[in-house]
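For reference, the chains in residue letters:
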Amino acid sequence: MISLSKVLNYDQMLDISKEFSRLRERCYLENAGAALYPASLLQKINEDFTNNVYMNPHSDKYTKDCIEQIRCLILKHFNTDPSNYSVIFTSGTTQSLKLVIESFQFSSEEVELNQGSFVYLRDNHTSVIGLREIAKEKNVNVIHISQEEFLKSIKNSVTSLKASSDRKGNSLLVYPAQNNFNGYKYPLDCIDKIKNGCLNSYLKKQLCGTSCNWYILIDAASYVSTNKLDLSKTQPDFVCLSFYKIFGYPTGLGALIVKNKSIPVLNGKKYFGGGTVDIVLSSEDFHIKRETICERYEDGTVSFLSILALKHCFDTLYSLIPKIVNNDVMETISHHTFYLAQDFYNQLKILTHENGNKAGHLYMDSDFTDISKQGSIVTFNLKRKNGLFVGYAEFQHMADLFNISVRTGCFCNSGTCQRHLNVSNKSMKAMYNAGHKCGDDIDLLKGKPTGAIRVSFGYYNTFRDVDKLINMICKCFVKIQIEKPIRTLNIYKSSQTPIIEKQLENICKLNEECYSITYTGVADITLMEIAIFPIKSCGAFKINRHWKIGPKGFQFDREWMVVKDNGVCLTQKQCPQMCTVCPEINLERQSMMLHCQGMPSISIPLEQISTNEYKESSLCHSKVCTDIIKGTDCGDAVADWISNALGIAFLRLIRQSSNDTRSQKKKNDGSNKLLSLSNQAQFLLVNKATVKWLRNKIDDPLFTDDIDSLTDRFRGNLIIDMAQELAEKEWQKVIIGDHLFNIDGQCPRCQMVCIDQKTGQKTVEPLRTISEQFAGKLRFGIYLSYAGTVNGSKSSILKRYAQVVPIYNDVSNNTSR
């Protein structure tokens, strides 16, 4: 095993890892999205706020003085001081950007009609591109520049500094210090070149000749999270950032750092809020804004407790990270994270399938040979052995299964994403018209990716995290590479004899079940099982004979859910052990018994009542698939029981109210079917023949599920058996017994099918094989909604072993023909 870091040694990383023990087995590789806060940071903040009194800084001088000290601390972190720069607190990078464009004076003082331009790189974050809408309202030219043109203009700069009187307006250039898409670092030593006119030639191409005063706004949000920004060496006019990107806490707090010499150009601010004026008249259009820029621009009361927490953020970071590189904390973090990303990049670059085809498709603008040009981000997609792309949503599911946090999509950076995916504007619009939107799960269109996978490292990461990610990629997508010595799982290195014997044993089991059970009067397609899941994400209750169909699906199916103390619904994705909680409905006793190994059973009534123990409540913070659920709390006794059974404190059991009107969405026939707490449909049907087919396709010797166990993973309400696999995908409707059901599409699958429903243990299969067999489309089973009775029946009872008759295009087509 390679050492934990080329910068930080084992003991140092051990001390850091203790701060993040809450991660347990989770591998967090989304530092570009948000850093993680160390545990001791919250302890220090809590101790400070508990022992001291901080009040509104508008009235409390002590709190105001503390805030001023924090401003100085921030400037010191960036190697400057109040004589050169000022700090304006904002809600984050986005507000800082917006504040500049709203206040920026594009006209020169001499000639008001001489307007400058708003210039931005296409590789900027969406929050920068959105500034053009405000710039257009100011009637200035909006110009975008490609990465290639920008770098070429800087490299081949021919400055033509003219006298100030010849300048025509003020132009604002916005570019990122580090591209949040792939970590490419844009040069910061070019500020003087830009101010001296190295981009004038580009503007002339766009505007038929112009000369202007240049001002530079740096989006440093991505850069400062793992790099040192030295404002004594590079001096942009404006810098914007968010503190949670650096420290993980506090969220909702950022800063606009303004060069003092550039303050006069920010004289276009219109709105004023509390604390920003020296005088205001309510009955006359008269006010005078405060002289100090931070007081003039911080409307209302600043988030003073969050600001005061920054002292502890800096102190904690400086105490955790030794000054190894250039005697600087951020330089040390920069090198540490760079080497981690470099190692992952190099491994992914050479990763190949057994047929020699490359597995990784990288979207980088550097080759990781120069730390001054590359940050700790690697962006890529994967390709299968046959050369087809793996969808990023599929990768996300597998990463979640392995407790690995990554980011997928375009990361709010459409310019770089579009450039690397080689997608034209016309194609982007076509993708939108085809249904793809930012942030959705449509990861492939016509086999081409709509986004990518981003891995980003923080100071708390080690090479073990790199190994874990590479191991997951090899195990799930590049099987041959699992044998490489770097992997921790060596499943193919054992003797072949036991593996062959196990495969033969599985084949025997399959053969024993590859026949239809004969019952008197039963057709070729039979309803073999009926199952309900009274508590969402808990174990199944299998029906022996028959069950009632209600207005929301099967009676009592997914009528209860477990919620955490913050009101969020708990599922097996967060707690796989939920499957070991097994509800049992007893209609005679009108009760539901809950069973869990090692626990005494507990009973709760089925009749919905309202007493002191069972309180009606609107769960404003608990949602199922974005729907707010109105429910009833089932009391303290069962809450304590479930908390003990799952080992999670303060859980509650909530029952959906009988008058809750949650319904299906996007119904083609215009109907509005009521739903219980199920995700998308009233019923889920699984074909056992398709399960057998899938089991035959799984070639992982570590996966030992028999057919019944594999079927249970899909958590179907209706389990049918027939001779033909995959036939259910073509059905339009289906009659089961005396009941008609509409087909509402195939069921999208996630990592929950990789949880053994008996033990709660996680496996890679069957999601990997489903992905392989269906070209990345994670679908298995079909959704049904109830359409009513047939054959003159008025019974709401569905019987086990009933005949199943599929309908194709509304024409009855019994497969027994």
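Residues numbered from 1 in each chain as written. Predicted model: local features only at pLDDT ≥ 70, side-chain atom pairs only at ≥ 80, totals over all residues. Heavy atoms only, no water.

Focus: helix 14 (residues 392–401)
Inference 1: For helix 14, a buried count of nine out of 10 residues is recorded, marking the element as mostly surrounded by other parts of the structure.
Inference 2: Regarding helix 14, the residues found buried are Tyr392, Ala393, Glu394, Phe395, Gln396, His397, Met398, Ala399 and Leu401. (Buried < 20%, exposed > 50% of the residue type's maximum accessible area, 1.4 Å probe, protein only. Helix = DSSP H or I, 4+ residues; strand = E, 2+ residues; numbered from the N terminus.)

Considerations on the UniProt feature "active site" (unreviewed entry) in the protein chain
Inference 1: Cross-referencing UniProt, the feature "active site" (unreviewed entry) maps to Cys412 in the present numbering.
Inference 2: Along the polypeptide, cysteine 412 turns up in the loop between strand 15 (407–409) and helix 15 (414–421).
Inference 3: Once you skip the residues sitting within four places of it in the chain, cysteine 412 turns out to touch His125, Thr126 and Arg407. (UniProt positions renumbered as here; feature names shortened; annotations may be inferred. Contact = heavy atoms within 4.5 Å.)

Thoughts on the packing of helix 13 (residues 329–350) against helix 17 (residues 463–476)
Inference 1: Direction vectors running N to C along helix 13 and helix 17 enclose 25 degrees, while the axes themselves pass 9 Å from each other. Put simply, helix 13 runs roughly parallel to helix 17. The hand of the helix 13/helix 17 crossing is right-handed. Between helix 13 and helix 17, the residues in contact are Tyr339, Leu340, Asp343, Phe344, Gln347 and Leu348 and Phe463, Val466, Asp467, Leu469, Ile470 and Ile473, respectively.
Inference 2: The residue inventory of the contact of helix 13 with helix 17, partitioned by class, reads nine nonpolar, one polar and two charged. (Axes fitted to C-alpha atoms, helices over the stretch in contact; angles between N-to-C directions. Parallel < 35°, antiparallel > 145°, perpendicular 65-115°, else oblique. Left-handed = near helix turned anticlockwise from the far one by under 90°. Nonpolar A, V, L, I, M, F, W, Y, C, P; charged D, E, K, R; others polar.)

Digging into the pairing of strand 31 (residues 718–721)
Inference 1: In strand 31, alternate side chains face the same way, and those of Leu718 and Ile720 on one face and Ile719 and Asp721 on the other are all buried.
Inference 2: Across four bridges, the pairing between strand 19 (residues 526–532) and strand 31 is antiparallel. What sits directly across from isoleucine 530, in strand 31, is leucine 718.
Inference 3: Pairing of strand 30 (residues 683–687) with strand 31 involves three bridges; the strand directions are parallel. Residue pairing for strand 31: asparagine 687 is matched across the bridge by isoleucine 720. (Pairing = 2+ DSSP bridges.)

Topic: the environment of isoleucine 145
Inference 1: Position of isoleucine 145 relative to the elements: it lies in strand 4 (residues 141–145).
Inference 2: Since its relative accessible area comes to 0%, isoleucine 145 is described here as buried.
Inference 3: Those residues in contact with isoleucine 145, other than ones at most four positions away along the chain, are Val119, Tyr120, Leu121, Arg122, Phe150, Leu199 and Tyr202.

Some details on the sheet that holds strand 3 (residues 117–121)
Inference 1: Spatially, the seven strands line up as an open sheet ordered 2-8-7-6-5-3-4, and their pairing is mixed. The sheet is open, and its two edges are formed by strand 2 (85–90) and strand 4, each paired on a single side. Direction aside, neighbouring strands of the sheet carry axes that sit 20 degrees apart on average.
Inference 2: Both strand 3 and strand 4 contribute to a ladder of five bridges, which runs parallel. If you follow leucine 121 over to strand 4, its bridge partner there is isoleucine 145.
Inference 3: The strands that helix 7 (residues 147–155) touches are strand 3, strand 4 and strand 5 (170–176); relative to strand 4, the one it contacts most, it runs at about 90 degrees.

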